[in-house]
Amino acid sequence: VEGFQRVGTAFVLILVLSGLRFALRAWAWVLCTEPPHALRVRDTFPALVSGDALGNLTPLGLFVSEPTKAAYVRDRVSLMNALSGIAVENLFYVLTVAAVIAGGTLALLAIFDVPAVLRVMSLLALAGMVVFLAVTLLLVSGRVRPLGWLLGWLERRRLAPAAAVRRTGKLQTLEERVYTFARRHPSRPLPILLLEFGYHALGVAETWLTVAMLLPDSGSVTVLGAFLLESNN
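Let us look at the structure shown here. These numbers come from a predicted model, not from an experiment.

1. Describing the side chain of His185
Part 1 of the reasoning: Tracing the backbone shows His185 in the loop between α10 (181-184) and α11 (189-214).
Part 2 of the reasoning: Excluding residues within four positions of it along the chain, His185 makes contact with Glu34 and Pro35.

Rendered as C-alpha coordinates:
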(Lines give C-alpha, C1' and ligand atoms only; values in the text may rest on other atoms or scores of the structure.)
Protein backbone atom coordinates (compact mmCIF):
# COMPACT_ATOMS: atom_id res chain seq x y z
CA VAL A 1 0.00 0.00 0.00
CA GLU A 2 2.80 2.39 0.90
CA GLY A 3 4.52 1.63 -2.40
CA PHE A 4 1.37 2.43 -4.40
CA GLN A 5 0.93 5.62 -2.41
CA ARG A 6 4.47 6.69 -3.33
CA VAL A 7 3.88 5.98 -7.02
CA GLY A 8 0.51 7.73 -6.93
CA THR A 9 -1.04 8.78 -10.24
CA ALA A 10 2.24 7.94 -12.03
CA PHE A 11 0.99 4.35 -11.91
CA VAL A 12 -1.21 5.22 -14.90
CA LEU A 13 1.85 6.35 -16.85
CA ILE A 14 3.68 3.14 -15.86
CA LEU A 15 0.77 1.12 -17.27
CA VAL A 16 0.84 3.20 -20.48
CA LEU A 17 4.58 2.56 -20.91
CA SER A 18 4.03 -1.14 -20.31
CA GLY A 19 1.21 -1.19 -22.84
CA LEU A 20 3.35 0.62 -25.41
CA ARG A 21 6.03 -2.03 -24.96
CA PHE A 22 3.53 -4.72 -25.93
CA ALA A 23 2.33 -2.56 -28.83
CA LEU A 24 5.87 -2.44 -30.25
CA ARG A 25 6.25 -6.21 -30.08
CA ALA A 26 2.79 -6.59 -31.58
CA TRP A 27 3.86 -4.34 -34.47
CA ALA A 28 7.03 -6.42 -34.90
CA TRP A 29 4.85 -9.55 -35.12
CA VAL A 30 2.81 -7.86 -37.88
CA LEU A 31 6.03 -7.30 -39.85
CA CYS A 32 7.02 -10.94 -39.28
CA THR A 33 3.82 -12.21 -40.93
CA GLU A 34 4.29 -13.70 -44.38
CA PRO A 35 2.58 -11.84 -47.24
CA PRO A 36 0.02 -12.02 -48.77
CA HIS A 37 -1.49 -12.83 -45.37
CA ALA A 38 -1.90 -9.83 -43.13
CA LEU A 39 -2.28 -9.21 -39.42
CA ARG A 40 -2.98 -5.88 -37.75
CA VAL A 41 -1.71 -4.56 -34.45
CA ARG A 42 -5.27 -4.76 -33.14
CA ASP A 43 -5.06 -8.53 -33.81
CA THR A 44 -1.58 -9.17 -32.45
CA PHE A 45 -1.72 -6.88 -29.40
CA PRO A 46 -4.45 -8.76 -27.46
CA ALA A 47 -2.95 -12.09 -28.61
CA LEU A 48 0.46 -11.09 -27.26
CA VAL A 49 -0.91 -9.83 -23.94
CA SER A 50 -3.14 -12.86 -23.34
CA GLY A 51 -0.43 -15.34 -24.37
CA ASP A 52 2.20 -13.73 -22.14
CA ALA A 53 -0.26 -13.55 -19.26
CA LEU A 54 -0.96 -17.28 -19.45
CA GLY A 55 2.74 -18.02 -19.79
CA ASN A 56 3.56 -15.97 -16.70
CA LEU A 57 0.65 -17.14 -14.54
CA THR A 58 1.08 -20.87 -15.20
CA PRO A 59 4.15 -23.13 -14.85
CA LEU A 60 3.93 -24.10 -18.54
CA GLY A 61 5.58 -20.91 -19.84
CA LEU A 62 6.26 -20.96 -23.59
CA PHE A 63 4.36 -24.25 -24.00
CA VAL A 64 1.09 -22.40 -23.40
CA SER A 65 1.90 -18.78 -24.29
CA GLU A 66 2.95 -19.27 -27.94
CA PRO A 67 0.11 -21.64 -28.97
CA THR A 68 -2.33 -19.25 -27.27
CA LYS A 69 -1.07 -16.36 -29.41
CA ALA A 70 -1.44 -18.46 -32.57
CA ALA A 71 -4.93 -19.61 -31.62
CA TYR A 72 -5.98 -16.01 -30.96
CA VAL A 73 -5.35 -14.94 -34.57
CA ARG A 74 -6.57 -18.08 -36.36
CA ASP A 75 -9.59 -16.19 -37.67
CA ARG A 76 -7.19 -13.93 -39.60
CA VAL A 77 -4.42 -16.28 -40.80
CA SER A 78 -3.73 -20.01 -40.96
CA LEU A 79 -2.19 -21.76 -37.95
CA MET A 80 1.03 -22.39 -39.91
CA ASN A 81 1.28 -18.70 -40.81
CA ALA A 82 0.57 -17.62 -37.23
CA LEU A 83 3.17 -20.00 -35.76
CA SER A 84 5.86 -19.01 -38.27
CA GLY A 85 5.24 -15.30 -37.60
CA ILE A 86 5.47 -15.84 -33.84
CA ALA A 87 8.66 -17.89 -34.22
CA VAL A 88 10.30 -15.25 -36.42
CA GLU A 89 9.36 -12.47 -33.98
CA ASN A 90 10.74 -14.50 -31.08
CA LEU A 91 14.02 -15.02 -32.93
CA PHE A 92 14.50 -11.27 -33.34
CA TYR A 93 13.33 -10.68 -29.77
CA VAL A 94 15.86 -13.08 -28.20
CA LEU A 95 18.56 -11.52 -30.37
CA THR A 96 17.88 -8.12 -28.78
CA VAL A 97 17.53 -9.66 -25.30
CA ALA A 98 21.02 -11.14 -25.62
CA ALA A 99 22.37 -7.78 -26.78
CA VAL A 100 20.78 -5.95 -23.84
CA ILE A 101 22.10 -8.49 -21.31
CA ALA A 102 25.58 -8.26 -22.84
CA GLY A 103 25.40 -4.44 -22.74
CA GLY A 104 24.30 -4.44 -19.12
CA THR A 105 27.11 -6.82 -18.16
CA LEU A 106 29.70 -4.65 -19.90
CA ALA A 107 28.36 -1.52 -18.20
CA LEU A 108 28.45 -3.23 -14.80
CA LEU A 109 32.07 -4.32 -15.25
CA ALA A 110 33.23 -0.99 -16.69
CA ILE A 111 31.63 1.37 -14.18
CA PHE A 112 31.49 -0.48 -10.87
CA ASP A 113 34.21 -2.08 -8.79
CA VAL A 114 32.61 -5.49 -8.38
CA PRO A 115 34.03 -8.37 -6.27
CA ALA A 116 36.35 -10.80 -8.05
CA VAL A 117 33.83 -13.68 -7.94
CA LEU A 118 31.08 -11.53 -9.45
CA ARG A 119 33.49 -10.27 -12.12
CA VAL A 120 34.37 -13.84 -13.14
CA MET A 121 30.69 -14.81 -13.21
CA SER A 122 29.86 -11.72 -15.26
CA LEU A 123 32.63 -12.48 -17.77
CA LEU A 124 31.35 -16.06 -18.11
CA ALA A 125 27.81 -14.75 -18.63
CA LEU A 126 29.10 -12.27 -21.22
CA ALA A 127 30.91 -15.05 -23.09
CA GLY A 128 27.71 -17.09 -23.03
CA MET A 129 25.73 -14.18 -24.45
CA VAL A 130 28.27 -13.70 -27.25
CA VAL A 131 27.95 -17.38 -28.18
CA PHE A 132 24.16 -17.11 -27.95
CA LEU A 133 24.19 -14.03 -30.22
CA ALA A 134 26.34 -15.86 -32.77
CA VAL A 135 24.04 -18.90 -32.79
CA THR A 136 20.91 -16.74 -33.13
CA LEU A 137 22.45 -14.76 -35.98
CA LEU A 138 23.31 -18.06 -37.68
CA LEU A 139 19.69 -19.19 -37.34
CA VAL A 140 18.37 -15.87 -38.66
CA SER A 141 20.70 -16.17 -41.67
CA GLY A 142 18.89 -19.37 -42.68
CA ARG A 143 22.07 -21.43 -43.11
CA VAL A 144 21.18 -24.13 -40.58
CA ARG A 145 18.08 -26.25 -39.86
CA PRO A 146 18.47 -27.55 -36.28
CA LEU A 147 14.96 -29.02 -36.00
CA GLY A 148 15.23 -30.98 -39.25
CA TRP A 149 18.69 -32.23 -38.32
CA LEU A 150 17.50 -33.33 -34.85
CA LEU A 151 14.43 -35.13 -36.22
CA GLY A 152 16.58 -36.91 -38.82
CA TRP A 153 19.11 -37.94 -36.18
CA LEU A 154 16.37 -39.30 -33.89
CA GLU A 155 14.56 -41.05 -36.74
CA ARG A 156 17.72 -42.86 -37.89
CA ARG A 157 18.05 -44.23 -34.36
CA ARG A 158 14.31 -44.92 -34.11
CA LEU A 159 14.03 -42.55 -31.18
CA ALA A 160 11.80 -39.94 -32.81
CA PRO A 161 8.26 -39.63 -31.37
CA ALA A 162 5.65 -41.03 -33.75
CA ALA A 163 3.68 -37.79 -33.65
CA ALA A 164 6.75 -35.82 -34.75
CA VAL A 165 7.52 -38.30 -37.57
CA ARG A 166 3.96 -37.98 -38.92
CA ARG A 167 4.36 -34.21 -38.99
CA THR A 168 7.91 -34.11 -40.36
CA GLY A 169 6.80 -32.40 -43.56
CA LYS A 170 4.91 -29.65 -41.76
CA LEU A 171 7.72 -29.13 -39.25
CA GLN A 172 10.28 -28.81 -42.05
CA THR A 173 8.04 -26.33 -43.87
CA LEU A 174 7.67 -24.29 -40.68
CA GLU A 175 11.42 -24.34 -40.09
CA GLU A 176 12.11 -23.31 -43.69
CA ARG A 177 9.72 -20.34 -43.42
CA VAL A 178 11.17 -19.19 -40.10
CA TYR A 179 14.89 -19.45 -40.81
CA THR A 180 14.78 -18.06 -44.37
CA PHE A 181 12.50 -15.12 -43.50
CA ALA A 182 15.32 -12.54 -43.38
CA ARG A 183 16.71 -13.65 -46.74
CA ARG A 184 13.30 -13.62 -48.43
CA HIS A 185 12.29 -10.25 -46.94
CA PRO A 186 15.56 -8.25 -46.67
CA SER A 187 13.75 -4.94 -46.00
CA ARG A 188 12.07 -6.17 -42.82
CA PRO A 189 14.81 -7.22 -40.32
CA LEU A 190 15.96 -3.64 -39.58
CA PRO A 191 12.51 -2.21 -38.67
CA ILE A 192 11.75 -5.37 -36.66
CA LEU A 193 15.00 -5.01 -34.72
CA LEU A 194 14.30 -1.31 -34.10
CA LEU A 195 10.86 -2.19 -32.70
CA GLU A 196 12.38 -4.87 -30.44
CA PHE A 197 15.04 -2.47 -29.15
CA GLY A 198 12.27 0.10 -28.64
CA TYR A 199 10.57 -2.47 -26.41
CA HIS A 200 13.70 -2.60 -24.22
CA ALA A 201 14.10 1.20 -24.25
CA LEU A 202 10.55 1.61 -22.95
CA GLY A 203 11.39 -1.01 -20.31
CA VAL A 204 14.25 1.19 -19.13
CA ALA A 205 11.89 4.19 -19.03
CA GLU A 206 9.30 2.19 -17.08
CA THR A 207 11.93 1.01 -14.59
CA TRP A 208 13.35 4.53 -14.18
CA LEU A 209 9.92 6.02 -13.52
CA THR A 210 8.91 3.28 -11.06
CA VAL A 211 12.13 3.51 -9.02
CA ALA A 212 12.06 7.32 -9.12
CA MET A 213 8.57 7.28 -7.60
CA LEU A 214 9.52 4.73 -4.94
CA LEU A 215 12.74 6.35 -3.72
CA PRO A 216 12.61 9.48 -1.52
CA ASP A 217 15.51 11.05 -3.43
CA SER A 218 14.44 10.70 -7.07
CA GLY A 219 17.54 12.62 -8.18
CA SER A 220 19.68 9.58 -7.37
CA VAL A 221 17.92 7.49 -10.02
CA THR A 222 19.89 7.46 -13.27
CA VAL A 223 19.12 6.12 -16.72
CA LEU A 224 22.21 3.90 -16.41
CA GLY A 225 20.88 2.45 -13.16
CA ALA A 226 17.51 1.79 -14.80
CA PHE A 227 19.29 0.14 -17.75
CA LEU A 228 21.24 -2.14 -15.41
CA LEU A 229 18.04 -3.14 -13.60
CA GLU A 230 16.25 -3.81 -16.90
CA SER A 231 19.17 -5.86 -18.28
CA ASN A 232 19.10 -7.98 -15.09
CA ASN A 233 15.34 -8.31 -15.42
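After that view, the rundown keeps rolling.
2. Things to note about the packing of helix α5 (residues 79-111) against α11
Part 1 of the reasoning: One way to put it is that α5 packs onto α11 with a least axis distance of 9 Å and a crossing angle of 55°. One finds that α5 runs oblique with respect to α11. By crossing handedness, the relation of α5 to α11 is classed as right-handed. Counted together, Glu89, Phe92, Tyr93, Leu95, Thr96, Val97, Ala99 and Val100 of α5 and Pro189, Ile192, Leu193, Glu196, Phe197, Tyr199 and His200 of α11 form the full contact between these two elements.
Part 2 of the reasoning: Residues of the contact of α5 with α11, tallied by class, amount to 11 nonpolar, two polar and two charged.

3. A closer look at the packing of aromatic side chains
Part 1 of the reasoning: Across all of its chains, the model carries two aromatic pairs by this definition.
Part 2 of the reasoning: Centre to centre, the rings of Phe4 and Phe11 are 5.3 Å apart; their planes meet at 75°, and the pair counts as edge-to-face.
Part 3 of the reasoning: For Phe11, a relative accessible area of 34% translates into the label partly exposed.
Part 4 of the reasoning: A centroid spacing of 5.7 Å and a plane angle of 80° characterise the contact between Tyr93 and Tyr199, whose relative ring orientation is edge-to-face. Of this pair, Tyr93 sits in helix α5 while Tyr199 sits in helix α11, placing them 106 residues apart in sequence. With respect to burial, Tyr93 and Tyr199 carry one shared label: buried.
Part 5 of the reasoning: In this arrangement the basic side chain of Arg21 is found over the ring face of Tyr199, its NZ or CZ atom lying 4.1 Å from the centre.
Part 6 of the reasoning: Taking the ring centre of Tyr199 as reference, the NZ or CZ of Arg25 above it sits at 5.7 Å.

4. Quick look at helix α6 (residues 116-141)
Along an α-helix, a turn takes 3.6 residues, which lines up residues three or four apart on a common side.
Part 1 of the reasoning: Given a rise of 1.5 Å per residue, 26 residues ought to cover 38 Å, and the 37 Å separating the end C-alpha atoms of α6 matches this to within 8%.
Part 2 of the reasoning: Taken as a whole, α6 has its buried residues at Ser122, Leu126, Met129, Leu133, Thr136, Leu139, Val140 and Ser141.

5. What about the nonpolar core?
Part 1 of the reasoning: If you look at the biggest cluster of nonpolar residues, it comprises 21 residues, and the most contacted ones within it are Val88, Leu91, Phe92, Val178 and Ile192.
Part 2 of the reasoning: Mapped by element, the contributors of at least two residues to this core are α2 (10-31), α5, α6, α9 (168-179), α10 and α11.
Part 3 of the reasoning: Aside from chain neighbours lying at most four places away, what touches Leu91 is Thr136, Leu139, Val140, Val178 and Tyr179.
Part 4 of the reasoning: Judged by nonpolar contacts, the second largest core, of eight residues, contains Trp29, Ala47, Ala70 and Ile86.

6. Looking at the packing of α5 against α9
Part 1 of the reasoning: Look at α5 against α9: their axes get within 9 Å of each other, and the N-to-C directions meet at 45°. Here α5 lies oblique to α9, going by the angle between them. The element α5 and its partner α9 pack so that their crossing is right-handed. Facing Met80, Asn81, Leu83, Ser84, Ala87, Val88 and Leu91 of α5, the residues of α9 in contact are Lys170, Leu174, Arg177, Val178 and Tyr179.
Part 2 of the reasoning: Broken down by class, the residue content of the contact of α5 with α9 amounts to eight nonpolar, two polar and two charged.

Quick notes on the rules
- Counting of residues starts from 1 at the beginning of each chain's written sequence and follows it residue by residue.
- Given that this is a predicted model, residues contribute local features only at a pLDDT of at least 70 and side-chain atom pairs are listed and counted only at 80 or more, while totals for whole chains, interfaces and linings are drawn from all residues.
- Heavy atoms from the whole structure form the basis of all side-chain values; hydrogens and water molecules are not counted.
- For helices the rule is a DSSP run of H or I covering at least 4 residues; for strands it is a run of E covering at least 2, with both sets numbered from the N terminus onward.
- Here, two residues are considered to be in contact whenever any of their heavy atoms come within 4.5 Å of each other.
- Fitting a line to C-alpha atoms yields each axis, with helices limited to the stretch in contact; the angle taken between N-to-C directions then spans 0 to 180 degrees.
- Throughout this description, any angle smaller than 35 degrees is read as roughly parallel, any larger than 145 degrees as roughly antiparallel, any in the 65 to 115 degree range as roughly perpendicular, and the remainder as oblique.
- Take the far helix as your reference; a near helix turned counterclockwise from it by less than a right angle gives a left-handed crossing, and one turned clockwise gives a right-handed crossing.
- Each residue gets one label: Ala, Val, Leu, Ile, Met, Phe, Trp, Tyr, Cys and Pro are nonpolar, Asp, Glu, Lys and Arg are charged, and the others, such as Gly, are polar.
- Each Phe, Tyr or Trp ring (for Trp, its six-membered ring) is paired with any other whose centre lies within 6.5 Å, and the angle between the two planes then decides the class: stacked below 30 degrees, edge-to-face above 60, tilted in between.
- To sort residues, take the accessible area from a 1.4 Å probe on protein chains only and compare it with the maximum for the residue type: under 20% means buried, over 50% means exposed, and anything in between is partly exposed.
- Here, over-ring charges are defined by two tests on the NZ atom of lysine or the CZ atom of arginine: distance to the ring centre within 6 Å, and angle to the ring normal within 35 degrees.
- Helix span, expected: 1.5 Å multiplied by one less than the number of residues in the helix.
- Remark: nonpolar core denotes a set of buried residues (Ala, Val, Leu, Ile, Met, Phe, Trp, Tyr, Cys) joined through side-chain atoms within 4.5 Å.

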